[in-house]
Amino acid sequence: MVKKTTLIALCTLMNVAFAPVTFANPVELSGDLSLKYQRDHEDSESAKDGLVSMLTLNAKAKLNENTFLYTRLGAQNVSKTQFREFDTPYYSDGKKEAFALDQFGVIWNKDELTYKLGRQDVTVGATALLYSRPDSNIGQGAFADGLSINGNVGNTEISAFFGREDNYGSDDNRLYAVRAAYSPNDTLTYGATAARYVNKETGQANTNHWAVDGTYKYGKHNLTAEFAKSDSSTSNKAYAVILGYDFDGRAAASITGFRVEEQASMGGCSDFDNDNRGIHYGATYQINDALSLEAVYKDQKQISNGVKNNSTEITLNYTF
C-alpha cells in the first residue's frame, strides 16, 4: 500500500499537471504522467506482469538570459517489485514506491552550446549503446553528477559528459565521454564516440570504449547503426541497428536488432540489456498534443547461456 505521505505528494503533483499553472515568471514547469503495463517472461520461468505508474515534475528558474536553475521531482509506484525503475540499495527490497528530488543543477547557454552542471540523466553513443541512465529512471542513485555539453559547432554536433555516478555508498564510478557527429547534408549523419569508465568497485577493471555510428534519412524512412568496442580482452563488442518509419507525423514504427557482449558497455549500463542479443519491435501513436501511446516487444536471448527472454511494454503518457 502506498504510504500516506507519498500519496498526498502524488495528488498534489497531479493537481499541478491537470490545472493551469499560475506560477509567475521566470519559473517554468513541465512534466509527464504515465501508466505502463509490462509482461516479462524467461525460459523455464512463469510469466510475470504488472503496472508501473510514474510522475515527473520539472522546474526551471531563469537567472538571466543565458543561465537557469533546474530541478526535478520524480515519483513511481509499481504493482510488483520486479518492475520498479528505482535503485535497490537506497530502498528496501519490498518497497513499491519512490518519491525524490532526483535531478538538480544549473544550465548555461552560450552560442549554440548548452552546458549543464549537476545531477542529470546521461546517455553515451548515438543509440545509448555504450551507457544509459535515462530520464525514465526515478529516485536516488538513478542518475549521474557532472558536466554535460550539448549543441552544434557549424555542421558538427557535439555531446560530452564528465562526471560520476550517484551510487549508494562510495562506489561512485567515474565516466568520461565525448561524441562528435557531422552532417554533410540533410540525409546523412556520421559520428564517433570515445569514452572511459573508471570502476570503483573492488576487483573491477577500468575500461576504455569507442564507437562509430551513422544515420541515413530518406523520405519517411530512417536507418541508424552503431558499433562499439571496449579494450577488455574478451566479450568486448556491441552493435545496434534501428530501422524506423514515420507514417504521418503521428504514427511511427521501428525494428531494432542488437547485440551487447558482457564487457562491451560501460559498467554493463547499455540502454540494451547487457549480455543479450535480439530484436525489439516498437510502435508509437501521438493521440493529441499531450497524449501518446507506445508499445514495445523485446525478443531476446542471453549470450553467455542461451536463455531466451521476452518483454511486452504498453505505455500511455500525458505530457504537460
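Only a predicted model underlies this, so the values are computations on that prediction, with no experimental measurement involved.

Draft legend 1. The arrangement of the overall build of the protein chain in detail. Scanning the protein chain from terminus to terminus reveals one helix and 18 strands. A compact globule built from 320 residues should have a C-alpha radius of gyration of about 20 Å, and the protein chain, at 20 Å, falls within 12% of that. Projected onto the principal axes, the alpha-carbon positions of the protein chain cover approximately 55 × 55 × 50 Å. Among the 320 residues that make up the protein chain, the fraction classed as buried is 37%. Within the protein chain, contacts between residues at least 6 apart in sequence are counted, and of these 49% link residues at least 24 apart. Within the structure as shown, the protein chain displays about 16,900 Å² of accessible surface, and the carbon and sulfur contribution to it stands at 54%. Separation between the mean location of the 31 positive side-chain charges and that of the 39 negative ones in the protein chain comes to 2 Å.

Draft legend 2. Layout of the packing of aromatic side chains. Considering all chains together, one arrives at ten aromatic pairs under this definition. For Lys60, the ring lying beneath its charged end belongs to Phe68, and the centroid distance is 4.9 Å. One cation-aromatic arrangement involves Lys116 over Tyr70; the distance from NZ or CZ to the ring centre is 4.6 Å.

Draft legend 3. How the structure looks around the nonpolar core. Val122, Val124, Leu129, Tyr131, Leu175 and Met266 are the most contacted members of the largest nonpolar core, which totals 21 residues. Beyond its immediate stretch of four places on either side in the chain, Met266 contacts Val124, Leu130, Tyr131, Leu175, Tyr176, Ala195, Arg196, Tyr197 and His209. Formed by six residues, the second largest nonpolar core is a distinct cluster that contains Met54, Ala98, Ala100 and Ile138.

Draft legend 4. The layout of surface pockets, seen in detail. Here the second largest pocket defines a volume of roughly 290 Å³. As for the second largest pocket, its lining consists of 18 residues, and the residues nearest its centre are Val122, Thr123, Asn150, Ser159 and Ala160. Among the secondary structure elements, those contributing two or more residues to the lining of the second largest pocket are strand S5 (113–120), strand S6 (122–124), strand S8 (144–153), strand S9 (156–165) and strand S10 (174–182). With four residues, S9 is the single largest residue contributor to the lining of the second largest pocket. Taken together, the residues that form the lining of the second largest pocket break down as seven nonpolar, seven polar and four charged.

Draft legend 5. View of the pairing of strand S13 (residues 221–230). As defined by bridge partners, strand S12 (residues 207–218) adjoins S13 across ten bridges and the pair is classed as antiparallel. Each residue of the ladder has a partner; that of Gly214, found in S13, is Ala225. Direction of pairing for S13 relative to strand S14 (residues 237–246): antiparallel, over a ladder of nine bridges. Each residue of the ladder has a partner; that of Ala228, found in S14, is Ala238.

Draft legend 6. The side chain of Ser232, seen in detail. When you line up the elements, Ser232 lands in the loop between S13 and S14. Those residues within four positions of Ser232 in sequence are excluded, and the remaining contacts are Thr207 and Gln263.

Draft legend 7. Highlighting unusual backbone geometry. Its identity as a non-glycine residue notwithstanding, Ser44 has a phi of 65°, on the positive side. Note that Ser44 resides in the loop between strand S1 (27–42) and strand S2 (48–62). Unlike most non-glycine residues, Asp111 shows phi in positive territory, near 55°. The residue Asp111 is located in the loop between strand S4 (97–110) and S5 in this model.

Draft legend 8. Quick look at the environment of Gly125. By the element assignment, Gly125 lies in the loop between S6 and strand S7 (131–133). For the pair Gly125 and Val178, spaced 53 residues apart in sequence, the C-alpha to C-alpha distance is 8.8 Å. In this structure Gly125 touches Arg179, Thr193 and Glu226, once residues within four positions along its chain are discounted.

Draft legend 9. Representation of the side chain of Thr56 in the model. Along the chain, the position of Thr56 falls in strand S2. Classification of Thr56 as buried rests on a relative accessible area of 4%. What Thr56 contacts, discounting residues up to four positions off in sequence, is Ser30, Gly31, Asp32, Arg72, Leu73, Gly74, Ile138 and Phe320.

Draft legend 10. Broad picture of the environment of Ile107. Tracing the backbone through its elements, the reader meets Ile107 in strand S4. Setting aside residues no more than four positions away along its own chain, Ile107 makes contact with Lys60, Asn66, Thr67, Phe68, Tyr70, Thr114, Tyr115 and Lys116.

Draft legend 11. Examining the pattern of salt bridges more closely. In this structure the tally under the stated criterion is 14 salt bridges. In this structure, Glu65 engages Lys62 in a salt bridge whose closest nitrogen and oxygen atoms are separated by 3.3 Å. By relative accessible area, which is 61% here, Glu65 ends up exposed. As a salt-bridge pair, Glu157 and Arg179 come within 3.8 Å of each other at their nearest N and O atoms.

Rules used in this analysis
- Residues numbered from 1 in each chain as written.
- Predicted model: local features only at pLDDT ≥ 70, side-chain atom pairs only at ≥ 80, totals over all residues.
- Heavy atoms only, no water.
- Helix = DSSP H or I, 4+ residues; strand = E, 2+ residues; numbered from the N terminus.
- Rg over C-alpha atoms; globule rule 2.2 N^0.38 Å.
- Buried < 20%, exposed > 50% of the residue type's maximum accessible area, 1.4 Å probe, protein only.
- Contact = heavy atoms within 4.5 Å.
- Areas by Shrake-Rupley, 256 points an atom, 1.4 Å probe, with all protein chains shown as cover.
- Lys, Arg positive; Asp, Glu negative; His and termini not counted.
- Charge placed at Lys NZ, Arg CZ, Asp CG, Glu CD.
- Phe/Tyr/Trp six-rings, centres within 6.5 Å; stacked < 30°, edge-to-face > 60°.
- Lys NZ or Arg CZ within 6 Å of the ring centre and 35° of its normal.
- Core = buried A, V, L, I, M, F, W, Y, C linked by side-chain atoms within 4.5 Å.
- 1 Å grid on protein atoms, 1.4 Å probe; cavity = no way out; pocket = protein on both sides within 12 Å on 5 of 7 lines; lining within 4 Å.
- Points joined across faces, edges and corners; volume = space filled by probe spheres on them.
- Nonpolar A, V, L, I, M, F, W, Y, C, P; charged D, E, K, R; others polar.
- Pairing = 2+ DSSP bridges.
- Salt bridge = Lys/Arg side-chain N within 4 Å of Asp/Glu carboxyl O.

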